[in-house]
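# Chain and residue survey
One letter stands for each residue in the lines below.
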Amino acid sequence: CPVSTSNYLLAGIGRSVTPLPPGLGLPGCNILTPFFGLFGPVPADFDGVASMPLALPNDPSLVGGMINFQWLSVAVIGAQLTLVTSNGLEVTIQP
């Protein structure tokens, strides 16, 4: 993602495919998780990389649980505000 974008980390449980509204997102960009958490904005570094550490409680009942993540970037392309999404990532919590 370009350095000038605002980036948000979406977190959710489960998978879905929700296209971005026409005229707002780039073609082929979809929201891939029904998200319950939105973290950000997170700036990108000069290589275009955004990252965010997340802490989980030390709770054995979370082991085996799955969380889905995806980045949503808000960019200005030309004179238009545009949404761009990353691929999704499914994480299984390990002991």
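That block above? That's the structure.
Definitions and limits used
- Residues numbered from 1 in each chain as written.
- Predicted model: local features only at pLDDT ≥ 70, side-chain atom pairs only at ≥ 80, totals over all residues.
- Heavy atoms only, no water.
- Helix = DSSP H or I, 4+ residues; strand = E, 2+ residues; numbered from the N terminus.
- Contact = heavy atoms within 4.5 Å.
- Areas by Shrake-Rupley, 256 points an atom, 1.4 Å probe, with all protein chains shown as cover.
- Core = buried A, V, L, I, M, F, W, Y, C linked by side-chain atoms within 4.5 Å.
- Buried < 20%, exposed > 50% of the residue type's maximum accessible area, 1.4 Å probe, protein only.
- Pairing = 2+ DSSP bridges.

### Some thoughts on the overall build of the protein
Helix and strand content of the protein: zero helices and seven strands. When the helices and strands of the protein are placed in sequence order, the string is β-β-β-β-β-β-β. Taking all contacts inside the protein whose residues are at least 6 apart in sequence as the whole, residues at least 24 apart take part in 62%. When the accessible surface of the protein is summed, it comes to about 6,200 Å², and 65% of that surface belongs to carbon and sulfur atoms.

### A look at the nonpolar core
Listed in full, the six residues of the largest apolar core are Leu10, Leu20, Cys29, Ile31, Leu72 and Leu83. Once you skip the residues sitting within four places of it in the chain, Leu83 turns out to touch Leu20, Leu24, Gly25, Leu26, Cys29, Leu72, Ser73 and Val74.

### Looking at the pairing of strand 1 (residues 6-12)
With respect to burial, strand 1 is a largely interior element, five of its seven residues being buried. The pairing of strand 1 with strand 5 (residues 66-77) spans seven bridges and is classified as antiparallel. Paired with Tyr8 across the bridge in strand 5 is Leu72. Pairing analysis gives five bridges linking strand 1 to strand 4 (residues 35-42), with the strands arranged antiparallel. When the bridges of strand 4 are listed, Ala11 appears paired with Gly37.

### Re the environment of Gly64
With respect to the secondary-structure elements, Gly64 resides in the loop between strand 4 and strand 5. As for Gly64 and Pro95, which are separated by 31 residues in sequence, their C-alpha atoms are 8.3 Å apart. For Gly64, the residues in contact, after removing those within four places along its chain, are Thr92 and Ile93.

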